[in-house]
Amino acid sequence: MSKRASISPRARPPWTVRVVVPTASLIAAAVVGGLVISMSGNDAFEAYRTILDSSFNGVRPLTRTMTLATPLILTGLAAAIAFRMKVWNIGGEGQLYMGAVVASGLALAIPSDIPKPLMIAAIVLGGAAAGAVWAGLAAIPKAYFNADEVITTLMLNFVALSFMNYLIFGSTSFWKDPKSSFPQGLRIPESATMPRMSYRLHYGIIIAVVAAVLLWWVLRRTTYGFEVRAVSDSKEASRYAGMRVNSKLISVLAISGALAGIAGAIEVSGVVKRLDPTVLASELGFTGIVVAAVARFNCLGVIPVAVLLAGLVVSGSSLQRLGIPPEIVFLLQGLIFLFVAAGEFFLANKVTIASTVPVQPAGNGGLANE
Amino acid sequence: METTTKAGQEILQVRELTKSFYGVAANDNVEFSLHRGEVHGLLGENGAGKSTLCSVLAGLYRPDSGEVWINGRPVQFRSPLDASEQGIGMVYQHFRLVSSFTVAENMVLGLKGRDRTVSLGQVEGKVRELASRYGLDVEPTAHVWQLSVGEQQRVEILRQLFRGAQILILDEPTAVLAPQEADRLFDAVRQMADQDHSVILVSHKMEEILSNTDRVTVLRGGRNVGTLGTSETNAAELAKMMVGSEHLPEAIQQVVGQFADKGLVLSVRELEVEGDRGTPAVDGASLDVVAGQIVGVAGVAGNGQREFQQAIAGQRQVAGGSIMLGGRDVTRLGSASGSRSGLAYVPEDRLGTGLASGMTLEENLILKGYKELPYSRYGMLRPRLIAARAEQLVEDFDIRGSRSGLPVSLMSGGNLQKAILARELTRPHDLLLAASPTRGLDIAATAAVRRHIRADAENGGAVLLFSEDLSEIIELSDRILVMSRGRIVGSYTPETLDIGELGLLMSGAKVHG
């Protein structure tokens, strides 16, 4: 009698499994990461303690982590809503740049003496609109000509990056600081900067968390969300039910772009304070895809995942001070992604180990279809 | 039972083959024999067990009981590879070719061991030789994606011949072909038979079987109801064998014509609709459905039924003609325009069209009504009212097997169909359009579905029923139409019904007058 594992798909795992599997994935990633750190001649426990201390232990480390988590929550949401609908928007990066360009432009153009809340509302909305339009450039060809959005959104990233670089490095644009001796963006007025909560942490985190909760609620509880879920599940069935499938596709991509655009606006208003291509082009859009994937495209799940990944990134410089290469951070990120993806298998399938050979149901599932 | 037309030697024999799926016998003590050098037709309605028999022969399924003998020796297939080694090659309806590979590369795909080490040049040579020998012209260096559907099918056949198949099983080979291509295919089939190959031709098109086979075996309900010499039979006899004439009189008695002459609910005139490949699928079809009446459209699948239904439902563009629904011209209006609010539609494809497979039963039950009171207000869903509605429908329509939070794809076919009916019939509607509503369902679910359809008509609804199950059409309909090649070619009332003639019309033959 040999032991044999049998695997059967399951629709929805019990909540215990849903808690245990991701936790086990994280632990496994930490263990493997620890082995690699040890092999590189460093103390793994020391490294992990440093990560925890520098990112999560205490108010100041936490504010640094949350500050970085803010754009990651937004780009994570951008990816989550699009990917859920099987629209592969990998243009979060470019949509974020365009959000930053328009937000900083508005901040410089609007008279600086208008009330701060109005100013901030204007630049956040402006950033959202810019991101939505940028995503729309890919959405409309997708909806009407079935142009592959993977290609179009990816290519638009480069266009946006070049445009942003041109504004600062290639021209004497409205965005550029004319007095500075080296090319840099003009600083936005005080009224356009996001107020701070504690240390460098600004109120953008509130916007991000509210966006996540709002999106979660919209998807679950509104007729619009119902349509989005139906279309993402089955275009045929949605069309059959009389829904406008193309307009849902376009609107979801626009919302996705708007979220990335808001991330850009908030980065400008809360952190960078000017249009600075080198700081903004730090792959926040792409990291958002990782955030969304690890969160299994769940809008609320995006929040803790973004915080976790932000914490890892923030600890990089502290690791460096210990003599541990900061690349370890990327390694850990990759491992977490890998193990969470592997854990997905255990969520989707029930694995039982039996000592006798189980009887496999034969055939095609019972219907003798001709 | 058996008539030998050609003094061929028996190459394949099936003895008392039974294969059940979850207690339902798809093949029930089937006897079947195949001679060397013959083309043997396998005829039957959907669900008659043709595919199951072929799948057993191709090594895809293992029989529950019974034996397969080849050249006088019993064989057992553990996999399609075993069947292939015994010289059985199957050409499926859906081709299994790698489109970015060349024809020759597809030939060696999946070969094991020594066979794989031949040079591509040698393969190409052999393909050319086989192609000219059987009249299966294909350029071996062409990539599969460059080929037409007919050419791809030839590649599939060549692949089996390349592997040394003596027995070829062609599963509905003409379903994907244009008429000229079909003629070419049958020429090749004849050449194969002349060169001592045996061909099993699976089809539900009677005409095809009659003009291209030596013998024909008819399956019904998983049983062999007879093997005949093709030249000794005719379409009417085969139609009766396929449908089973014994339960006809009773079925007709059940039809109670409730001709309440109310308004005309659906009026279709000279409808023309294109199929997926841009060819005319519906070609000037006209019909009327009156309130309180069930109109049944019989016909072999692929004669424009699907396109017709989709046009009625506003999901496919109309190329010509007109559709009046509830007194309104909806010819040019799509389903999203709200023009189909008076239509209850039970589509053929339950999971995927009728239902969103990944959503829950509750959600699927409001798939059409989610924007209306009381299920939503001001754009917000009202979960408690939605759940209450679901509870009510589950009880009224006896929908079983749903668990809250789980996708409907886990439910059985019968319960899925009940769910669709529950949603569609409880919405205000003038017309019920039902496509193959009982296909694949068990007896109890079938009875329930038919009861709901009949009740709908009795309540004054107009019903347009499409089905390949002729007995279902006869049992339910007040008027029976026949659809063939995109046209309505026959019209009967239960009293004037002539089953033999109807079978002929279904098969595409012309009937005098």
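Bear in mind the structure is a predicted one, so any value in this text is a computation, not a measurement.

Peer 1: I'd love a proper account of the overall build of chain B, names of residues and values included.
Peer 2: A tally of regular secondary structure across chain B gives 16 helices and 22 strands. By the compact-globule yardstick of 24 Å for 513 residues, chain B fits well, its C-alpha radius of gyration being 25 Å. Each principal axis of the C-alpha atoms in chain B carries an extent, and together these give about 70 × 50 × 45 Å. Looking at chain B as a whole, 48% of its 513 residues are labelled buried. Contacts spanning at least 24 positions in sequence make up 69% of the contacts within chain B whose residues lie at least 6 apart.

Peer 1: Tell me what's going on with the environment of A:R84, and back it up with residues and numbers.
Peer 2: All names here are of chain A. With respect to the helices, strands and loops of the structure, R84 is situated in helix α3 (residues 59-84). The class for R84 is buried, based on 20 C-beta atoms found within 10 Å. Considered as a pair, R84 and N298 are 214 residues apart in the sequence and their alpha carbons are 8.6 Å apart. Leave out the neighbours within four places in its chain, and R84 touches S232 and F297.

Peer 1: Describe the packing of helix α4 (residues 92-109) of chain A against helix α5 (residues 116-145) of chain A, and please don't skip the residues or the numbers.
Peer 2: All names here are of chain A. Between α4 and α5, whose axes approach to 7 Å, the crossing angle comes to 145°. In this structure, the crossing between α4 and α5 has a hand that is right-handed. For the pair α4 and α5, the contacting residues are G94, Q95, L96, M98, G99, A100, V101, V102, A103, L106 and A107 in the first and A122, I123, G126, G127, A128, A130, G131, W134 and A135 in the second. Considered class by class, the residues forming the contact of α4 with α5 number 14 nonpolar, 6 polar and no charged.

Peer 1: Break down helix α6 (residues 179-194) of chain B for me, citing the residues and quoting the values.
Peer 2: Residue pairs three or four apart in sequence face the same way in an α-helix, which turns once every 3.6 residues. Residues and elements named next belong to chain B. The end-to-end C-alpha distance of α6, which contains 16 residues, comes to 23 Å, matching closely the 22 Å that a straight helix rising 1.5 Å per residue would cover. Of all the positions in α6, only L185, A188, V189, M192 and A193 are classed as buried. Down the axis of α6, the buried side of the element spans an arc of 140°, and every buried residue falls inside it. Pointing more than 90 degrees away from the buried face of α6 are the exposed residues P179, Q180 and D194. Note on α6: the residue one or two positions beyond its end, D196, has a positive phi of about 75°.

Peer 1: With reference to specific residues and values, describe the domain arrangement of chain B.
Peer 2: How big an interface is tends to be stated in terms of accessible area lost as the parts join. Parsing chain B into structural domains produces domain 1 (10-248), domain 2 (262-342 + 431-513) and domain 3 (352-427). Centre-to-centre separation of domain 1 of chain B and domain 3 of chain B, based on C-alpha positions: 42 Å.

Peer 1: An account of the interface of chain A and chain B is requested, with residue identities and associated values reported.
Peer 2: Each partner contributes to the interface: chain A provides 26 residues, whereas chain B provides 41 residues. Elements that contribute at least two residues to the side of chain A that touches chain B include exactly α8 (223-233) and α9 (235-240) of chain A. The element best represented in the side of chain A that touches chain B is α8(A), accounting for 6 residues. Residues belonging to the side of chain A that touches chain B are distributed by class as follows: 11 nonpolar, 7 polar and 8 charged.

Peer 1: How would you explain helix α7 (residues 204-221) of chain A if you had to name every residue and give the values?
Peer 2: Residue and element names in this part refer to chain A. For α7, spanning 18 residues, the distance from its first C-alpha to its last is 25 Å, which sits close to the expected 26 Å at 1.5 Å a residue. Turning to α7, its buried residues number three or more, namely G204, I205, I207, A208, A211, A212 and L215. Taken down its axis, α7 places every buried residue within 165° of arc, on the same side. The outward face of α7, more than 90 degrees from its buried face, is lined by the exposed residues I206, V210 and L214. Contact partners of the buried residues in α7: α3, α5, β3 (201-202), α10 (245-272) and α13 (302-314).

Peer 1: Account for the environment of A:A292, naming residues and giving values.
Peer 2: Residue and element names in this part refer to chain A. If you trace the backbone, A292 turns up in helix α12 (residues 284-294). Linking A292 and G264, residues 28 residues apart in sequence, is a C-alpha distance of 18 Å. Apart from the residues lying within four places of it in its own chain, the contact partners of A292 are G76, A79, A80, F83, F297 and V302.

Peer 1: Help me get a handle on the packing of α3(A) against α12(A), residues and values and all.
Peer 2: Residues and elements named next belong to chain A. Contact geometry for α3 and α12: axes closest at 7 Å, N-to-C directions at 60°. Both α3 and α12 take part in a crossing whose hand is right-handed. Side by side, α3 and α12 meet where P71, L72, T75, G76, A78, A79, A80 and F83 of the first sit next to L284, G285, T287, G288, I289, V291 and A292 of the second. Classifying every residue of the contact of α3 with α12 by side-chain character gives 10 nonpolar, 5 polar and no charged.

Peer 1: Now, about the confidence of the model for chain A: what can you tell me, with residues and values included?
Peer 2: Residues and elements named next belong to chain A. Residues at a pLDDT of 70 or more form 92% of chain A, whose mean pLDDT is 88. Within chain A, the lowest mean pLDDT, 63, falls on strand β1 (residues 4-9), and the highest, 96, falls on α4. A low-confidence stretch, residues 356-370 stays under pLDDT 50, and its non-local contacts, those more than four residues away or across chains, total 26 contacts.

The rules behind these values
- Residues numbered from 1 in each chain as written.
- Chains lettered and ligands numbered in written order.
- Predicted model: local features only at pLDDT ≥ 70, side-chain atom pairs only at ≥ 80, totals over all residues.
- Helix = DSSP H or I, 4+ residues; strand = E, 2+ residues; numbered from the N terminus.
- Rg over C-alpha atoms; globule rule 2.2 N^0.38 Å.
- Buried ≥ 20, exposed ≤ 12 C-beta atoms within 10 Å, placed from the backbone.
- Contact = placed C-beta atoms within 7 Å.
- Axes fitted to C-alpha atoms, helices over the stretch in contact; angles between N-to-C directions.
- Left-handed = near helix turned anticlockwise from the far one by under 90°.
- Nonpolar A, V, L, I, M, F, W, Y, C, P; charged D, E, K, R; others polar.
- Expected span 1.5 Å × (residues − 1).
- Arc of directions from axis to C-beta.
- Domains from an automatic or database assignment.
- pLDDT = per-residue confidence, 0-100.

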